Amino acid sequence: MADDLEQLLRDARERIQGASLRAALEEARVAILGRNAELTQRLRGIAQLPADQRGAIGKRLNEVRLQIEAAIAEREQQVAARELAEQLERDRIDVTLPGAVVPRGGLHVLTQTRRQIEDIFIGLGYQIAEGPEIELEYNNFTALNIPDGHPAKGETDTLWIAPGVCLRTHTSPVQARTLRAQEPPIYVIVPGRVYRRDTPDATHSPIFHQVEGLVVDRGITLADLKGTLAYFARSLFGADRETRFRTSFFPFTEPSVEVDVSCFLCAGDGCGVCKQSGWIEILGAGQVDPNVLAMVGLDTDEWQGFAFGMGIERIAFLKHGFPDLRLLYDNDLRFLEQFPA
Amino acid sequence: MKVPVSWLRDYVAFDLPLAALAEKLVLSGLEVDRIVTRGAPDVDGNHGTFRIGRVVEWARHPNADRLRLCRVDVGEAEPRQIVCGAANFDTGDTVVVALPGALLPGATEPLRQAKLRGEVSDGMMLSERELQLSEEHDGIIRLPDAYEIGSEARDHFALAETVLEFEVTSNRSDLMCVYGIAREVSALLDVELAPPPGALPEALGRRPTSALVTVSVDAPDRCSRFTARAFDDVRSGGSPLRLRQRVAAAGMRPISNVVDITNYVMLGLGSPVHAYDAAKIPGRVLTARLARDGEELTTLDGRHRVLTTDMLVIADGDGPNGLAGVMGGEGAEIGAGTESVVIEVACFERAGIGRTAAALGLRTDSANRFIRGVDPHLPPQASAWVAELLVAHAGAAMLPKPQDVVAALPARERVVLRTGFAERILGMPIGDDAAVRILDRLGYEPARVDGGVETTVPTWRQLDTTREIDLVEEVGRIHGLDALPATIPARHDRGGGLDRAQRLRRTAEDVLAGAGLHEAYTLSIVDGDQPDRYGLASDDPRRAMVAVDNPLSADYAFMRRTLVPGLLQAVRRNRASGRADVALFEIAHLYHASEGRVTADNLAHEPWTLGAVIAGPLGGTSWVGEGRESDVFSARGVLDALCGRLGVAVRLEPTQLAHLHPGRAARILLGSDAVPAGELGELHPDVAARFDIEGRVAVLELDLDLLAAAVPDRFTHRDISDQPPVRQDIAVVVANDVRAGDVIAAALEAGAPLLVNAEVFDVYRDERRLGPGRVSLALRLVFQDPERTLVEDEASAVRAVVVQALERRFAAELRG
Ligand SMILES: [Zn+2]
């Protein structure tokens, strides 16, 4: 009887081990543990056994059943693992193939540059002011202390729309608008599109973009302008950049300066971009001319300020080195995609 | 402005290296373009190998007709034999000789003793061009007899000259001369400045100036000063080598002693000078007056010019003799036969000279200086210097009683500079002593007063320094801006950052780029044919564009009213380079004005606008599959992405627009108020063909100001319901002119509040099964009660209400 049972267990184990597919294993389970299987019959027969044998035989039979169930479970795991391994092997693919189509767009290099400039000044607490492109002659020239007869006002430099109305030649008229609209302290920058009567070529465009800056507050000095622009240049071009002021002339600032940053390509040794000087001109600036402040009724002994202006195209050119301004407005994707971020 | 350094050193002494001086000048406001050295290299005693020589005898070269065999005394025991190709000299002439070993300008090898056609040449006689003194090369240099034979040439003129080339800003007329730049150097280096050049010689003439000329001014607002001197016994000829050399180095062509002297004085002092042959002044009068209608003149450049009544002329008894301040006339040109000369030094009004020069295209050195402004105190000084030089170099006799017609000269302004104010503006300490020292060097005649310095503005700065702030700049730039500390204003009382509209605009840029579109920048000035090319209807308001009054060309003549044509142009360009998928957007201003009319009282409305075009499969193709071909729903998808991101409800209303596909165009309505804010659709095939674009092109144009206005001011929190939603699908058959958008709206209205969402998930057409003109819309309905769990039966009850409503409103039939 006992040997008999041991044999059954051995046979069952053998059959289970022999099943290598899920279906075969299921078949084996039915054959060994199913309703008509010998083990099942025997378990059912326990009730007919004499009472003194029931305990021992029943216990033994149940042990065998549990052992078989454990063997099946173990074998199931093995079979599943192998089947998964085979499935994964069948899935093997060249993962270096290109991916599914996800449309890829991007921001224009001028927008990226404009945002970079804006964000640096926003970090210093500035706001962004805006104004119209079709602008009053008064705001574009007169309010900025640019006299009648100045060459910039002529037919050759300015695009005129109507008497007293032109396409703004710089973002500076927003200075005048801001000064009228807002009480100091004023800390603004003004990005925008401007116009000149220039034939398009590699370095000229009838349309280009500037960022103007204007600060009016108590106790604003030329040294404040220098510190602000040095911070700007380092933020934009790298922490090692030096900044220098050269005296210059603009009608709406006095003193006026042009601002150079030490060349970031040659570190000051001289190269083509800095014309061997080690310095690159990045913008014009100065202390707001008292005439400009007085025109909006500010007491120039109480309020001082500075202003600066730069070309976004020029900054973008310095950062990316494209050879021709017109590339910016051709919108050739082969160009646009070169500046993903 | 080109300044020979030797000339500069006539007025100011310095031993700073030139590069260091240039840097100081640059930082103080005088841009140095280039530093150029001309002439023989000044290395290893090279300059000592150039000698003054005398031609002892010459004969034709035995083997070459065009060469001369010369014996030239250079102060040695024996004359040297030199072969020379020039023919402009004779025995006894004084010449410049380069000895063997000399390194000539531009040469890489020194000169050697050589055999030329069999004859030894032991040196070289030089022309001005060979020495880079000027462009003159018609023969060798012939010097006056006074030069000592055998002396070194460098004792008499500069064998090498370094020239500083400056860019002078428009406000600094005083820097348009060597003396003015010397004054800057004197201030920057704090060294003495020599008195201005020009010592008036004694008048020797037998007759007064008026015997040759009488000057007058008929247009005092155009001519504030007119001075004249006259000279007899003028020996016309070449000017001294040193003078020729400087005139050439400063960028002008040496011509003759009289003309060179006038140019030399203009370059040196900044006051233009004009010389007349006194015999060629009919009527012996010179009058500054406006030209009369129809008057004509041949100017010194040989060009015949018709004058206008805005042009100032210097007229003689017969009519215009020259163009005042711009260019003289041919009639009174100095020539070889000139014996008596009249010298005009005058001051003309700036803008008038500017108009005349521009009208005639004549930006002469004289005109350039008058346009910037010439110091009205300067003419007597310049005139004295001309006289000194004419007497010295042309043997002239100056006539007594010169003439000077002058309006009241402007009074010199007194300006007080408070040192404390300067320090407050600059943000660095200056001190009274430094302020006084700087202003003194610059000619402001400073005097200390309480708290600062009182100055008298120099006559040459009356145009640009009239106020205290101007003196702040003077003191700051000479003191040195490199000494400025770098500080950042400390401010605490105002917020910063982007405002709402600016923030939303950035979001829009990011959404569009994220949706796969590239941002483009197209030109905002367009040609007048753009509305036709884009196919706008004849009554489309966008045809009324603001015009530019003085366009550069017809291509840049109008301010655009739509962004799409520029983007289509960009699509064409990209398609031409072989790119199938082109998706572009632009965010920019448009320019609205009723009937395109803008006035100073009524400027244009310039809304921020989004334009987008999508052509070809968005994202291109991959082996995995293709991007979706573009059509009206590509534009709709982009619009939904944008409005969804900004929390703005959007509705489309089918419409007809001439430039868009008649069956695939819609007006965009935003927000609960359904504000019309733009249009989308597919480009009309005729328009696409005009832009050479094949296939469907999705187009979207939207007013971003209106979009920003539709964005809710605040997004406030709502509780998220954990109650599970119940989803049920229905399919309804409707006539195919029923709009899906209306069906959805009606369903949501009928199913409220338990029906929280309804979406079309399938559209099915089949004439055989649905009947002609019918379409089946499959809708997914989502029911939810935020408070409790819905059971299917409750959802079904609401669904029945929805179906009833659709049957009633659209004659819809429930399918299946
Ligand atoms: Zn460099």
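What counts and how
Residues numbered from 1 in each chain as written. Chains lettered and ligands numbered in written order. Predicted model: local features only at pLDDT ≥ 70, side-chain atom pairs only at ≥ 80, totals over all residues. Heavy atoms only, no water. Donors = N, O, S within 2.8 Å, 3.2 Å for Na, K, Ca; no water. Tetrahedral: all angles 85-135°; square planar, octahedral: opposite > 155°, others 65-115°. Buried < 20%, exposed > 50% of the residue type's maximum accessible area, 1.4 Å probe, protein only. Core = buried A, V, L, I, M, F, W, Y, C linked by side-chain atoms within 4.5 Å. Helix = DSSP H or I, 4+ residues; strand = E, 2+ residues; numbered from the N terminus. Contact = heavy atoms within 4.5 Å. Phe/Tyr/Trp six-rings, centres within 6.5 Å; stacked < 30°, edge-to-face > 60°. Pairing = 2+ DSSP bridges. Polar contact = N/O pair within 3.5 Å; in protein donor to acceptor, adjacent residues only side chain to side chain. Salt bridge = Lys/Arg side-chain N within 4 Å of Asp/Glu carboxyl O. Buried area = accessible area lost by both parts, 1.4 Å probe. Nonpolar A, V, L, I, M, F, W, Y, C, P; charged D, E, K, R; others polar. Domains from an automatic or database assignment. Expected span 1.5 Å × (residues − 1).

**Student:** Before we go on, may I ask you to explain the coordination of the zinc ion in this structure?
**Tutor:** Residue and element names in this part refer to chain A. Donor atoms from the polypeptide that bind the zinc ion are Cys263 (SG), Cys266 (SG), Cys271 (SG) and Cys274 (SG), placed at 2.2 to 2.3 Å. Considering all four donor atoms around the zinc ion, angles at the metal cover 102 to 116° and the coordination shape is tetrahedral. Mapped onto the polypeptide sequence, the residues donating to the zinc ion form the spacing pattern C-x2-C-x4-C-x2-C. Of the two residues, Cys266 and Cys271, both sit in the buried class.

**Student:** How do you make sense of the nonpolar core when you look at a structure like this?
**Tutor:** General note: in soluble globular proteins, nonpolar side chains tend to be found buried as a group. Core analysis: the biggest nonpolar cluster contains 153 residues, and Ile282(A), Phe308(A), Leu8(B) and Phe166(B) have the highest contact counts within it. With eight residues, helix α8 (residues 222-237) of chain A is the single largest residue contributor to this core. When residues no more than four places from it in sequence are discounted, the contact partners of Ile282(A) are Phe232(A), Ala233(A), Phe237(A), Val259(A), Val261(A), Met310(A), Arg314(A), Ile315(A) and Leu318(A).

**Student:** Got a minute to help me understand the packing of aromatic side chains in this structure?
**Tutor:** Centre distance and the angle of the planes are the two values used to describe a pair of aromatic rings. Evaluated as defined, the whole model comprises 16 aromatic pairs over all chains. On the basis of an interplanar angle of 25° and a centroid distance of 5.1 Å, the ring pair of Phe121(A) and Phe308(A) is categorised as stacked. Of this pair, Phe121(A) sits in helix α5 (residues 109-123) while Phe308(A) sits in strand β10 (residues 303-311), placing them 187 residues apart in sequence. Grouping residues by exposure puts Phe121(A) and Phe308(A) together as buried. Plain terms: the ring middles of Trp58(B) and Phe89(B) are 6.5 Å apart, the flat faces sit at 65° to each other, and that makes the pair edge-to-face.

**Student:** What is the right way to look at the sheet that holds strand β14 (residues 285-290) of chain B in this model?
**Tutor:** The strands that make up a sheet pair up through hydrogen bonds in the backbone, lying either parallel or antiparallel. Residues and elements named next belong to chain B. Pairing in this open sheet of five strands is mixed, and the strands run β11-β14-β17-β18-β19 from one edge to the other. Sheet topology places β11 (214-217) and β19 (327-328) at the edges, where each strand pairs with a single neighbour. The pairing of β14 with strand β17 (residues 312-316) spans four bridges and is antiparallel. Within the sheet, the bridge partner assigned to Ala288 lies in β17 and is Ile314.

**Student:** In this structure, what is going on with the sheet that holds strand β6 (residues 94-98) of chain B? I would like to understand it.
**Tutor:** All names here are of chain B. Spatially, the five strands line up as an open sheet ordered β5-β4-β3-β6-β9, and their pairing is antiparallel. Among the strands making up the open sheet, the edge pair consists of β5 (80-84) and β9 (124-125). Bridge count for strand β3 (residues 50-61) against strand β4 (residues 64-73) is seven bridges, and the pairing is antiparallel. Across the sheet, residue His61 finds its bridge partner in β4, namely Ala64.

**Student:** Explain the side chain of Gln175(A) here, please?
**Tutor:** Residue and element names in this part refer to chain A. Tracing the backbone shows Gln175 in helix α7 (residues 173-181). Polar side-chain contacts of Gln175 include one of 2.8 Å to the side chain of Glu212. Dropping the residues within four chain positions of it, Gln175 is found in contact with Leu144, Glu212, Gly213, Leu214, Phe252 and Ala307.

**Student:** Which parts of the structure should I look at to understand the pattern of salt bridges?
**Tutor:** Where side chains of opposite charge bring their charged atoms close, a pairing between them can arise. Residues and elements named next belong to chain A. Under the definition given, this model contains 85 salt bridges over all chains. Arg22 is the salt-bridge partner of Glu83, the closest N and O atoms lying 3.1 Å from each other. Here Arg22 lies in helix α2 (residues 22-33) and Glu83 lies in helix α4 (residues 51-91), a separation of 61 residues in the sequence. Taking relative accessible area as the criterion, Glu83 reaches 22% and is therefore assigned partly exposed.

**Student:** Which parts of the structure should I look at to understand the interface of chain A and chain B?
**Tutor:** Interface size, as often reported, equals the accessible area lost upon joining of the parts. At the junction of the two partners, chain A supplies 91 residues and chain B supplies 93 residues. When residues of chain A are sorted by the area they lose upon contact with chain B, Ile134(A), Thr247(A) and Leu333(A) head the list and together hold 9% of the total. Put simply, chain A and chain B have 13 salt bridges between them. The residue inventory of the side of chain A that touches chain B, partitioned by class, reads 43 nonpolar, 22 polar and 26 charged.

**Student:** So what exactly am I meant to see when it comes to the domain arrangement of chain A here?
**Tutor:** Along its sequence, chain A is carved into domain 1 (2-90) and domain 2 (109-336). For domain 1 of chain A versus domain 2 of chain A, the distance between C-alpha centres works out to 88 Å.

**Student:** Whenever I open this one, α4(A) confuses me. Can you help?
**Tutor:** For an α-helix, 3.6 residues make a turn, and residues three or four places apart therefore share a direction. End to end, α4(A) covers 59 Å across 41 residues, agreeing with the expected 60 Å (1.5 Å per residue, within 8%). Every buried residue of α4(A) is accounted for by Ile57(A), Gly58(A), Leu61(A), Val64(A), Ile68(A), Ala71(A), Ile72(A), Arg75(A) and Val79(A).

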